[in-house]
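Per-entry structural report
So the chains spell out like this:
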Amino acid sequence: MIQKLVQSKIKSILKIRNSDSNKGTFGHALLIVGSKGKMGAAVISAKACLRSGVGLLTLDVPSKERAIVQISIPEAMVIDRKNKEIDFTFFSAIGIGSGIGITKNTQDILIQLLEEYKQPLVIDADALNIISSNKKLLKKIPKGTILTPHTKEFDRLFGDHIATEERIKSAVKKAKELNCIIVLKGHKTVITNGTETFQNTTGNAGLAKGGSGDALTGMITAFLASNYTPFESAKLGVYLHGFAADYTLKKQSMESMLITDVIENIGYSFKSCLKSP
Ligand SMILES: NC(=O)C1=CN([C@@H]2O[C@H](COP(=O)(O)OP(=O)(O)OC[C@H]3O[C@@H](n4cnc5c(N)ncnc54)[C@H](O)[C@@H]3O)[C@@H](O)[C@H]2O)[C@@H](O)CC1
Ligand SMILES: Nc1ncnc2c1ncn2[C@@H]1O[C@H](COP(=O)(O)OP(=O)(O)O)[C@@H](O)[C@H]1O
Ligand SMILES: [Mg+2]
């Protein structure tokens, strides 16, 4: 049975920030995102991550592109994509894939990460595409990892599907098989851990624009770093992302809405969902 992901469920998951907390309380996230010409994906996912409550954020980007993120997001730290000495285990949560491309260097980083990091990851976009073209990597995905494919990425990973119902059934089966969370993105995003399945009730067609999914990756990574479980992180990310997009319609139309407008409204999503009933 598919349950509706409604606000009462989100309210029961969201934790109030303790007044005596410090940045260490909310984890240190690493986002391996962006590449030449797709640094927008890095900026978008980083901003969404920071707006979702993470304590510290480091971005892994190509060294030639670092100025873009250092100037546009002073809150984030930056490391060099080519640095093979990086200790992935230092980070509380890692998101990989948005805008990274599928070059040999990028493939090597994903393979190194899957060898060394045994905690749940957030895997999106080109990292999913790399796995699609090297299916042996599916077995190396850490337990509890959140995969965030859109329809086309899902079919690249698990084979072509014609009907949505059929694709949802496959998502449930694959989540169980791989011991992971699948966020099947689309008009009504489905989130499954193989046992329980939810369908989102927020969001609108203003999100049907480049960058919307990159923001979602940043949000889910922030929740994972802040100690929410992988399933909770996926639910919080998907619901609050859509809620912020719906709030954006107060000032923008679906046509004019930018994902950067939506990111500015993530705060409103928190305020609404943290309010007492
Ligand atoms: N500013 C930036 O730097 C941006 C970077 N991006 C990155 O560009 C790379 C390519 O990603 P794309 O997803 O564009 O390329 P893909 O080739 O994976 O998929 C895009 C195609 O899939 C089709 N499609 C079918 N069903 C869909 C669904 N439910 N949701 C979304 N698309 C669906 C679309 O119509 C489109 O033609 C990724 O790494 C992504 O993160 C994009 O997010 C765009 C913005
Ligand atoms: N018509 C729609 N209604 C609701 N949400 C949508 C719609 N179209 C796209 N979205 C949301 O926008 C995001 C798009 O992700 P994705 O296709 O990966 O974008 P990108 O890779 O360009 O950042 C997903 O979270 C998806 O659920
Ligand atoms: Mg995407």
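Nothing here was measured: the structure is a model prediction, and the numbers come from that model.

Attention now moves to the pattern of salt bridges. It is possible for side chains of opposite charge to pair when their charged atoms get near one another. Within this structure, the stated rule accounts for 8 salt bridges. Where R51 meets E264, a salt bridge forms, and the shortest distance between an N and an O atom there is 3.1 Å. Remark: E264 occurs in helix α10 (residues 259-264) and R51 occurs in the loop between α2 (39-50) and β3 (56-61); sequence separation between them is 213 residues. Its salt-bridge partner being E115, residue K140 comes within 2.7 Å of it at the nearest N-O pair. Highlighted residues: K140 in the loop between α5 (125-132) and β7 (146-147) and E115 in helix α4 (residues 104-116), separated in sequence by 25 residues. Taken together, the salt bridges that share partners define one network made up of K173, K174 and E177.

This next bit is on the sheet that holds β7. Sheet architecture is open: 10 strands sit in the order β1-β10-β9-β8-β7-β6-β5-β2-β3-β4, paired in mixed fashion. The open sheet is flanked by β1 (2-5) and β4 (77-80), the only strands paired with a single partner. Relative to strand β10 (residues 197-200), strand β9 (residues 190-192) runs antiparallel, the two sharing 3 bridges. Of the residues in β10, the one forming a bridge with V190 is Q199. On top of the sheet, α4 reaches β2 (28-32), β5 (93-96) and β6 (121-123); it is set at about 155° to β5, its chief contact.

A few words on helix α9 (residues 230-248). The first and last C-alpha atoms of α9 sit 27 Å apart over 19 residues, in line with the 27 Å expected at 1.5 Å per residue. Counted residue by residue, α9 has 16 buried out of 19 residues, so it is predominantly covered.

K185, G186, T189, G211 and G213 are the nearest of the 17 residues found near ligand 2. Between ligand 2 and G213, the relevant distance is 2.8 Å, taken from an oxygen atom to a main-chain nitrogen or oxygen of the residue. Its free accessible area being 580 Å², ligand 2 has 80% of it covered by the protein chains. Of the residues assigned to the shell around ligand 2, the class counts are 4 nonpolar, 11 polar and 2 charged.

UniProt records the feature "binding site: AMP" (unreviewed entry) for K185, G186, H187, K188, T189 and G213 in the present numbering. These residues run over 29 residues, yet every pair of their C-alpha atoms falls within 13.4 Å of each other. Its location among the elements puts K188 in the loop between β8 (181-184) and β9. For K188, a relative accessible area of 46% puts it in the partly exposed group. When sequence neighbours within four positions are dropped, the list of residues in contact with K188 reads Q199 and N200. With residues near it in sequence (within four places) discarded, G213 still touches D124 and K185.

Quick notes on the rules
Residues numbered from 1 in each chain as written. Chains lettered and ligands numbered in written order. Predicted model: local features only at pLDDT ≥ 70, side-chain atom pairs only at ≥ 80, totals over all residues. Heavy atoms only, no water. Salt bridge = Lys/Arg side-chain N within 4 Å of Asp/Glu carboxyl O. Helix = DSSP H or I, 4+ residues; strand = E, 2+ residues; numbered from the N terminus. Pairing = 2+ DSSP bridges. Contact = heavy atoms within 4.5 Å. Axes fitted to C-alpha atoms, helices over the stretch in contact; angles between N-to-C directions. Expected span 1.5 Å × (residues − 1). Buried < 20%, exposed > 50% of the residue type's maximum accessible area, 1.4 Å probe, protein only. Near = heavy atom within 4 Å. Polar contact = N/O pair within 3.5 Å; in protein donor to acceptor, adjacent residues only side chain to side chain. Areas by Shrake-Rupley, 256 points an atom, 1.4 Å probe, with all protein chains shown as cover. Nonpolar A, V, L, I, M, F, W, Y, C, P; charged D, E, K, R; others polar. UniProt positions renumbered as here; feature names shortened; annotations may be inferred.

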